Amino acid sequence: QVQLVESGGGLVQAGGSLRLSCAASGRTFSNYVMGWFRQAPGKDGEFVATISGSGGTTSYADSVKGRFTISRDNAKNTVYLQMNNLKPEDTAVYYCAASSRPWMTMMRNDYAYWGQGTQVTVSS
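Residues numbered from 1 in each chain as written. Predicted model: local features only at pLDDT ≥ 70, side-chain atom pairs only at ≥ 80, totals over all residues. Heavy atoms only, no water.

1. A look at the sheet that holds strand β1 (residues 2–7)
Stage number 1. If you trace the four strands from one edge of the open sheet to the other, you get β1-β3-β8-β7, paired in antiparallel fashion. Two strands bound the open sheet, and with one partner strand each, they are β1 and β7 (68–73). Here the average twist between neighbouring strands, direction ignored, is 15 degrees.
Stage number 2. Pairing between strand β3 (residues 18–26) and strand β8 (residues 78–83): six bridges, direction antiparallel. Residue pairing across strands places A23 opposite T78, the latter belonging to β8. (Pairing = 2+ DSSP bridges. Helix = DSSP H or I, 4+ residues; strand = E, 2+ residues; numbered from the N terminus. Axes fitted to C-alpha atoms, helices over the stretch in contact; angles between N-to-C directions.)

2. What about the pairing of β8?
Stage number 1. The buried fraction of β8 is high, at five of six residues.
Stage number 2. Where β7 and β8 come together, six bridges link them in antiparallel fashion. In the sheet register, D73 faces β8, and the bridge partner there is T78.
Stage number 3. Counting the residues between successive antiparallel strands, the hairpin from β7 to β8 contains four residues, one of them, N77, with a positive phi of roughly 55 degrees. (Buried < 20%, exposed > 50% of the residue type's maximum accessible area, 1.4 Å probe, protein only.)

3. Topic: the packing of aromatic side chains
Stage number 1. Taken as a whole and judged by the stated rule, the model has five aromatic pairs.
Stage number 2. With a centroid separation of 6.1 Å and an interplanar angle of 80 degrees, the aromatic rings of Y32 and Y113 are classed as edge-to-face. Highlighted residues: Y32 in the loop between β3 and β4 (33–39) and Y113 in strand β10 (residues 113–114), separated in sequence by 81 residues.
Stage number 3. In this structure an aromatic cluster arises from ring pairing among F37, F47, Y111 and W114.
Stage number 4. Above the ring of F29, the side-chain terminus of R72 is found at 4.3 Å from the ring centroid.
Stage number 5. One cation-aromatic arrangement involves R108 over F37; the distance from NZ or CZ to the ring centre is 5.8 Å. (Phe/Tyr/Trp six-rings, centres within 6.5 Å; stacked < 30°, edge-to-face > 60°. Lys NZ or Arg CZ within 6 Å of the ring centre and 35° of its normal.)

4. Observations concerning the side chain of R67
Stage number 1. Topologically, R67 is positioned in the loop between β6 (58–60) and β7.
Stage number 2. In contact with R67, other than residues within four places in its own chain, are Q82, M83, N84, N85, L86, K87 and D90. (Contact = heavy atoms within 4.5 Å.)

Below is the structure:
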């Protein structure tokens, strides 16, 4: 079992920045591929970013590439999402998730463990 708790959401103006954190407890954190997803009101959930267990490889959705950075600190059992140049369309509840797959994945169904989510609101 892995427990995930997100923090760092809030209200920010367009062009601003936020850093989300996701603290994990349970089994060996570095064994898990970590991902960030988001869900806006009335829309389907959307993949945002993923990072390998070692942190050496990352992948992003086209909509956030160049603006968001995913990273992890395995010593602190924490994954981060640095979000810069935020846009109103980034408004959503952001979730971190853990996958025991041996490869990075953008598929929601590959992630067995999910946090409770943190709200990000970007005003225009």
